[in-house]
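Listed below are the residues making up each chain.
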Amino acid sequence: MREFTPLAIVLGIIIGALFGAANAYLGLKVGMTVSASIPAAVISMGILRGILKRGTLLENNMVQTIGSAGESLAAGMVFTIPALFIFGFKVEFVEMMMWGGIGGLLGVLFMVPLRRILIVKEKDVLPYPEGIACAEVLESGQKGGAAAKTVFWGLGISALYELCRGLGFWPGKARIAISQLKTEVNLDASPALLGVGYILGPRIAGYMLGGAVLGWFVIIPSIAYFGVGTTSPISPEPSKLIADMSPEDMWEGYLRYIGAGAVVLGGLLSLFKSAPTIISSLWHIAAGVFSSGRDAQPRTDRDLPLPILLLMLVGLGYAMYRFPQVRVGRYGAVAVLIFAFFFVTVSSRLVGLVGCSSNPVSGMTIATLLGTTVIFTYVLDWTDADAKFAAISVGALVCVAISVAGDCSQDLKTGFLVKATPWKQQFGEIIGVLSATT
């Protein structure tokens, strides 16, 4: 069956460029991005199956794999690099290309050894909702008929709802203030969120709802109650008294950092818990290289060879250390590799539970910035503007790696379900990252 074809590569690059630009604009304007895997799959089906009257299931999957890389790379960059402009730094185009390319490649390469444990061995534990949905879309398009019509009916109804909401026929959000607890309830009636919740199922959706209830009905009221008598701002809030803060202010000033700490602790526990299986996965890859050869492995279980992974990682580390355009230095390069490896593992596991749309990339990026700043300031005694630039650069590289790894995980889940070739998908992710960076 055709899979890694020139047509799939070219079409994936074009879709990746379009969704990368769209998500960059969306992220800068409203502070959020959307997963492009399913839209890319739908567009791919429309072109390959509808217009060209060709295209196999695996070819369509390759198009969405390459195309969705642009969206995830843009998401990682727009949430970090604007901080440099806010601080008044001058950022060159080449520097942004280097950050996007290096960070995106780190996300793909660190994800490769995790595929076998997270996607294959824990297939009944980690649902990977977007990956499952994308596989359903691809299989529906391949079957045609009623299955494909259901997908496009859902797409059309959702688009009509969003259009009517945008024209003002009804409000998109509802808000109820609860003055007794100094908090509020917000509801976003979004078809996308409804679909994500349906795919996640009641158990995982219940976890997310439980976190929201804990934050807005326990932690925020507690902060308001115990901090009402304070006479000076409490760090990290720089200027406002707690008594003068709204629920949104307390979420922005305190609850986000509590959430970031919870993500870090959960990530540490997840990393320690997964350490034996990560080592086992690396050993499995090495065994496939040094035993009877990769041909002895089934096609659907072949990852990128370990020597290529190690060679590329060494090259990326050297580039961060030697290339002046990256501007992180030797210590920053080490910090990027450590934080990227850790949070790629966390991100790849989290998106398996809550999906890319709910992946707490901002929390992990904040944790990276805090850790890097502490190291640069208190360990290395860096206090000048270059240290601030280097810290944000480290955060940008890690943020891109986190975002790309989450998307890569979902794509590999889709490939697992449709019986794609993993190493071809992983190479497609690399192509998607490098093309979208430009």
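Just so it is clear, the structure is predicted and the values come from calculations on it, not from any experiment.

This part takes up the packing of aromatic side chains. Tallied over the full model, the rule gives eight aromatic pairs. Ring centres of Tyr 161 and Trp 170 lie 5.3 Å apart, and the angle between their planes is 35 degrees; on these two criteria the pair is classed as tilted. Its relative accessible area of 34% is what places Trp 170 among the partly exposed residues. Ring geometry for Phe 339 against Phe 343: centres 6.3 Å apart, planes inclined by 5 degrees, an arrangement best described as stacked.

Glancing now at the layout of surface pockets. When its volume is computed, the second largest pocket comes out at roughly 350 Å³. Along its surface, the second largest pocket is lined by 20 residues, and Ala 24, Leu 73, Met 77, Ala 436 and Thr 437 are the ones closest to its centre. Counting residues per element, the ones that place at least two in the lining of the second largest pocket are α1 (6-30), α3 (57-78), α4 (82-86), α5 (93-111) and α16 (422-437). Taken together, the residues of the lining of the second largest pocket sort by class into 14 nonpolar, six polar and no charged.

Their axes nearest at 10 Å, the elements helix α15 (residues 385-418) and α16 cross at an angle of 145 degrees. Both α15 and α16 take part in a crossing whose hand is right-handed. Contacts between α15 and α16 involve Val 404, Asp 407, Cys 408, Asp 411, Leu 412 and Gly 415 on the former and, on the latter, Pro 422, Gln 425, Gln 426, Glu 429 and Val 433. Taken together, the residues that form the contact of α15 with α16 break down as five nonpolar, three polar and three charged.

On to a nonpolar patch on the surface. A cluster of nonpolar residues, Ile 176, Leu 181, Val 185, Leu 209, Val 213, Leu 214, Phe 217 and Val 218, forms a patch on the protein surface that exposes about 660 Å² of accessible area. No other element matches helix α10 (residues 202-226), which puts five residues into the nonpolar patch.

Our focus in this paragraph is the pattern of salt bridges. In total, this model carries 14 salt bridges according to the counting rule given. When the shortest N-O distance is used, the salt bridge between Glu 3 and Arg 299 registers 4.0 Å. With Glu 3 in the segment before α1 and Arg 299 in the loop between α11 (247-290) and α12 (306-322), the pair connects residues that are 296 residues apart, well separated along the chain. The exposure class assigned to Arg 299 is partly exposed, which follows from its relative accessible area of 37%. One salt bridge in this structure joins Lys 240 and Asp 249, with 3.0 Å as the shortest N-O distance. Here Lys 240 falls in the partly exposed class, since its relative accessible area comes to 35%. A relative accessible area of 23% means that Asp 249 is categorised as partly exposed. Through salt bridges with shared partners, one network takes in Arg 115, Arg 116, Asp 301 and Asp 303.

Here the focus is the packing of helix α13 (residues 329-354) against helix α14 (residues 361-379). Running from N to C, α13 and α14 cross one another at 155 degrees; their axes reach a closest spacing of 11 Å. Judged by the inter-axis angle, α13 sits roughly antiparallel to α14. For the crossing formed where α13 meets α14, the hand is right-handed. Across from Tyr 331, Gly 332, Phe 339, Phe 343, Val 346, Ser 347 and Leu 350 in α13, the residues of α14 making contact are Met 364, Ala 367, Thr 368, Gly 371, Thr 372 and Phe 376. Taken together, the residues of the contact of α13 with α14 sort by class into eight nonpolar, five polar and no charged.

For the rest of this paragraph, the subject is the pairing of strand β2 (residues 183-188). Sheet analysis places strand β1 (residues 173-178) next to β2, joined by six bridges and oriented antiparallel. The partner of Ala 174 across the bridge, within β2, is Leu 187. The loop that links β1 with its antiparallel partner β2 comprises four residues; one of these, Lys 182, has a positive phi angle of about 50 degrees.

Our focus in this paragraph is α10. The first and last C-alpha atoms of α10 sit 34 Å apart over 25 residues, in line with the 36 Å expected at 1.5 Å per residue. At Gly 215, α10 shows its maximal bend, which comes to roughly 30 degrees. Within the span of α10, buried status applies to Ile 204, Gly 215, Trp 216, Ile 220, Pro 221, Ile 223 and Ala 224.

Looking now at empty space enclosed by the protein. A full pass over the atoms with the stated rule returns three cavities of 30 Å³ or more. Within this model, the second largest cavity holds a volume of roughly 40 Å³. As for the second largest cavity, its lining consists of Arg 115, Thr 300, Leu 412, Gly 415, Phe 416, Lys 419, Ala 420, Pro 422 and Gln 425. Contributions of two or more residues to the lining of the second largest cavity are made by α15 and α16. The leading source of residues in the lining of the second largest cavity is α15, at three residues. Among the residues forming the lining of the second largest cavity, the class breakdown is four nonpolar, three polar and two charged.

Rules behind the numbers
- Every chain's residues receive numbers from 1 upward, in the order its sequence appears when written.
- Residues qualify for local features only when their pLDDT is at least 70, as the model is predicted, and side-chain atom pairs are given and counted only at 80 or more; totals for whole chains, interfaces and linings, by contrast, use all residues.
- To get the side-chain values, take all heavy atoms of the structure and skip hydrogens and water.
- Note on aromatic contacts: the rings of Phe and Tyr and the six-membered ring of Trp form a pair at centre separations within 6.5 Å, being stacked when their planes are under 30 degrees apart, edge-to-face when over 60 apart, and tilted otherwise.
- Burial classification: accessible surface area is computed with a 1.4 Å probe over protein chains only, and a residue below 20% of its type maximum counts as buried, one above 50% as exposed, and the rest as partly exposed.
- Here the term cavity refers to a set of points on a 1 Å grid, laid over the protein atoms alone, in which a 1.4 Å probe fits but cannot get out; the term pocket refers to an open set having protein on both sides within 12 Å along at least five of seven lines, with lining residues being those that place an atom within 4 Å of a point.
- Grid points are joined across faces, edges and corners, and a volume is the space filled by probe spheres set on the points.
- Put simply, DSSP marks the helices as runs of H or I at least four residues long and the strands as runs of E at least two long, and each gets a number from the N terminus on.
- Under the scheme applied here, ten amino acids are nonpolar (Ala, Val, Leu, Ile, Met, Phe, Trp, Tyr, Cys and Pro), four are charged (Asp, Glu, Lys and Arg), and all others, including Gly, are polar.
- Think of each axis as a best-fit line through the C-alpha atoms, taken over the contacting stretch in the case of a helix, with angles from 0 to 180 degrees between the N-to-C directions.
- If you view the pair so one helix is near and one far, a crossing is left-handed when the near helix is turned anticlockwise from the far one by less than a right angle, and right-handed when it is turned clockwise.
- By definition, residues are in contact when any of their heavy atoms lie within 4.5 Å.
- Grouping into patches uses exposed residues only, defined as over 30% relative accessible area, and leaves out salt-bridged ones; the cut-off is 9 Å for like charges and 5 Å for nonpolar side chains (Val, Leu, Ile, Met, Phe, Trp, Tyr).
- Surface accessibility follows the Shrake-Rupley procedure with a 1.4 Å probe radius. Residue values consider only the protein chains on display as shielding.
- Salt-bridge detection follows one rule: a side-chain nitrogen of Lys or Arg within 4 Å of a carboxyl oxygen of Asp or Glu.
- When describing relative orientation, an angle under 35 degrees is termed roughly parallel and one over 145 degrees roughly antiparallel, while 65 to 115 degrees is termed roughly perpendicular and anything else oblique.
- For two strands to count as paired, DSSP must find a minimum of two bridges between them.
- Here the expected span of a helix is defined as 1.5 Å times the quantity of residues minus one.
- In this analysis the local bend is the angle between axes fitted, respectively, to the seven residues ending at and the seven residues starting at the residue.

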